Amino acid sequence: MGSVDEKSSEGSPPTTLDFESGQTQLGTVHDVQNLTKLGYKPELHRNRSMFTLLFQSLAIAAIPYGFGGPLISAIYGGGQLPMFLGWIVVLILDECIALSLSELASRYPTSAGPYYWSFQLAGPRYRTVLSFITGWTWLIGNWTITLSVNFGFASMLAATISLFEPDFAVDAWQLLLIFYAVCFLTFFLVAFGNKMLPLVDTICAIFTAISIIVTCICLSVKADVGRQSPSYTLGHYDTSLSGWNSFSFWIGILPSAYTFSAMGMITSMAEECSDPTLKLPNALSLCVPVGGIAGLFFIIPLCATLPDLADILGAPVGQALPYIFGRVTGSAGGGLALTLLVLIITLFCSISITVAASRTTWAFARDNAIPLARLWSKIDERHGTPIYALALTTFIQLLLGLINLGSSSAFLAFVSVGVISLAVSYGIPVTISLFHYRKEVNSARWSMRRYVGLVVNLLAVAWIAFEVVLFSMPTALPVTEVSMNYAIVVFFGFMVLSAIWYGIYARKGELFGPRNSAPFSISMKLMATTVYRGPPESDGLTVDSQPNA
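Parameters at a glance
Residues numbered from 1 in each chain as written. Predicted model: local features only at pLDDT ≥ 70, side-chain atom pairs only at ≥ 80, totals over all residues. Heavy atoms only, no water. Helix = DSSP H or I, 4+ residues; strand = E, 2+ residues; numbered from the N terminus. Buried < 20%, exposed > 50% of the residue type's maximum accessible area, 1.4 Å probe, protein only. Contact = heavy atoms within 4.5 Å. Expected span 1.5 Å × (residues − 1). Phe/Tyr/Trp six-rings, centres within 6.5 Å; stacked < 30°, edge-to-face > 60°. Salt bridge = Lys/Arg side-chain N within 4 Å of Asp/Glu carboxyl O. Core = buried A, V, L, I, M, F, W, Y, C linked by side-chain atoms within 4.5 Å. Disulfide = S-S within 2.5 Å.

## Describing the side chain of Ser118
Residue placement: Ser118 occurs in helix H6 (residues 114-121). Among the residues examined, Ser118 registers a relative accessible area of 0% and is labelled buried. If sequence neighbours within four positions are ignored, Ser118 has contacts with Leu130, Ser131, Thr134, Ile428, Pro429 and Ile432.

## Observations regarding helix H9 (residues 197-222)
With 26 residues, H9 extends 36 Å from end C-alpha to end C-alpha; this agrees with the ideal 38 Å at 1.5 Å per step. Taken residue by residue, H9 has Leu197, Pro198, Val200, Asp201, Cys204, Ala205, Thr208, Ser211, Ile212, Thr215 and Leu219 as its buried positions. Along its buried surface, H9 packs onto helix H2 (50-61), helix H3 (63-68), helix H8 (172-192), helix H13 (276-305), helix H15 (320-329) and helix H16 (332-366).

## Remarks on the environment of Ser220
Looking at the secondary structure, you find Ser220 in helix H9. In this structure Ser220 comes out as partly exposed when scored by relative accessible area, which is 32%. Linking Ser220 and Ala304, residues 84 residues apart in sequence, is a C-alpha distance of 8.0 Å. Setting aside residues no more than four positions away along its own chain, Ser220 makes contact with Arg227 and Pro301.

## As for the packing of aromatic side chains
This model, assessed by the stated rule, comprises 24 aromatic pairs. Considering the side-chain rings of Phe179 and Tyr180, the 5.8 Å spacing of their centres and the 45 degrees angle between planes classify their relative orientation as tilted. A relative accessible area of 0% means that Phe179 is categorised as buried. A centroid spacing of 6.3 Å and a plane angle of 80 degrees characterise the contact between Tyr180 and Phe184, whose relative ring orientation is edge-to-face.

## Regarding the pattern of salt bridges
Two side chains bearing opposite charge may form a pair once their charged atoms approach each other closely. The full count for this structure, using the stated rule, is 7 salt bridges. Among the salt bridges present, the one from Arg366 reaches Glu271, with a minimum N-O distance of 2.8 Å. Of the two residues, Arg366 sits in helix H16 while Glu271 sits in the loop between helix H12 (254-259) and H13, which places them 95 residues apart along the sequence. In this pair, the class of Arg366 matches that of Glu271, namely buried.

## Observations regarding the nonpolar core
The tendency in soluble globular proteins is for nonpolar side chains to be buried as a group. Counting 159 residues, the largest nonpolar core has Leu71, Met83, Trp136, Met265 and Leu302 as the members making the most contacts within it. The element contributing the most residues to this core is H16, with 16 residues. Discounting chain neighbours no more than four positions away, the residues touching Leu302 are Phe67, Leu71, Met83, Leu219, Leu321, Ile324 and Phe325.

## Comments concerning the environment of Ile92
Within the secondary structure layout, Ile92 lies in helix H5 (residues 80-107). On the basis of relative accessibility, which here comes to 52%, the residue Ile92 falls in the exposed class. Spatially, the C-alpha atoms of Ile92 and Pro289 are 8.8 Å apart, while their sequence positions differ by 197 residues.

## Digging into the state of the cysteines
In the structure shown here, the tally under the stated rule is 0 disulfides. Not engaged in a disulfide, the cysteine Cys349 finds its nearest cysteine sulfur in Cys204; these two sulfurs lie 7.5 Å apart. The exposure class assigned to Cys349 is buried, which follows from its relative accessible area of 1%.

## Structural notes on unusual backbone geometry
For the bond running from Leu477 to Pro478, omega is -5 degrees, close enough to zero to count as cis. With respect to the secondary-structure elements, Pro478 resides in the loop between helix H21 (450-470) and helix H22 (487-506). Positive phi, close to 45 degrees, is recorded for Asp275, a residue that is not glycine. Counting through the fold element by element, Asp275 comes out in the loop between H12 and H13. Asp275 gets classed as partly exposed once you look at its relative accessible area, which sits at 22%. Unlike most non-glycine residues, Asn368 shows phi in positive territory, near 60 degrees. Tracing the sequence through the fold places Asn368 in the loop between H16 and helix H17 (373-376).

What follows is the structure, given as structure tokens:
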């Protein structure tokens, strides 16, 4: 695994070295050398620090929205107990995933993320196909989880209008227009404001913290429907709402699991920060504990002031949070004020998650894994943005947004597909690493102790497997046409399409053989330049290869 072939996108900006300062246009000389070892040419500006990466991960989690958007599932799941205790359980398990990904990101810090890790960790016979499967699962997860955020904004805004107009029924075309407006706004901000994006993430982190404090105070002070006792606040559990009886608790933890499901997406920012072997895993590993503690100040006041659970189930557009805010504050204006804070956080989340999704799309195109890869892998030199990959990411959202748009269950379907896809893409490289007895990650610059890492990895894989099952289940029984969860069907549909694409396109590289072989015709060469052969082969970056390690 010692050979490295550099890959770069067509039209990439030049890397201008300044040997006196040790800097290049796209990072330090050391950063450039490291990325070259991983097989790529630097193309993105390294304008992010550990803190801005952490802030971006928190912006993607967007706790008031991440927990509040699918909150209706927690109500079906029994109310306060799965909301509070479920949050604690998910924090522990998701931190196992975060730590597992952090080790891999330290050893292989590229924007390619999980599919690059799978390729380097797997044996020569299966590495290409495993990388392809991981990559498409990763890409689908990025697209659909981003879609869920933008569609969630449209649904929550419609539910907010219902605070003032209880009889208001949103039409499909109205949701579509709101959804499209968010997508286009996010596109232009991400495409042309790249230099400002780290500042946007910082502002988002500050604004989220302030919003949580304001919400905590307002709910605690107003409590128009009453305040519950501590035991009721943290332990009330109604198993009669979902039809799942004692299993309802696990249905109730879905909002908590959704909140941190996209934390691994910041690995796609690896080529936009200096010294990513330390800064990226530090940011990734801190996201869950920092966000988890902040989330308690949002969740506990909610649990203490919730209206009757059965009433919440009738919330417009399946959005419980605006309804709860309106009831607890005792006025439509109070509910609007608190919901506006969440909507603003959701917009910040949309920007941050779209940035990460566009980098994932660009990285996968850079390795010739998607149709028209040369186009999607181009970098806009003026703004330092993969603008074509961003356009593709936005276009896919616009297309998928047409599916069931206007249905109160559509948002939860998008949530489920996104979480399942991301979870599977996390699980594949971690599982391969376990089969190799963690040999590769043990020598990473950022790594857990041997036996601690083994336990953490096993918990992460087990939780991922359970998440896939959990997000495939309907929220309530008996199942109806509306309440049916089609997420697993959609997920496997995407997988079948990617398998077909692999069969007719990616395997041509294996059929044609080496580029320099004698029977290699000109037409074959033209076709083979676009087939998927996996990312460049590399040993990664170890603790011994880094300065001051």
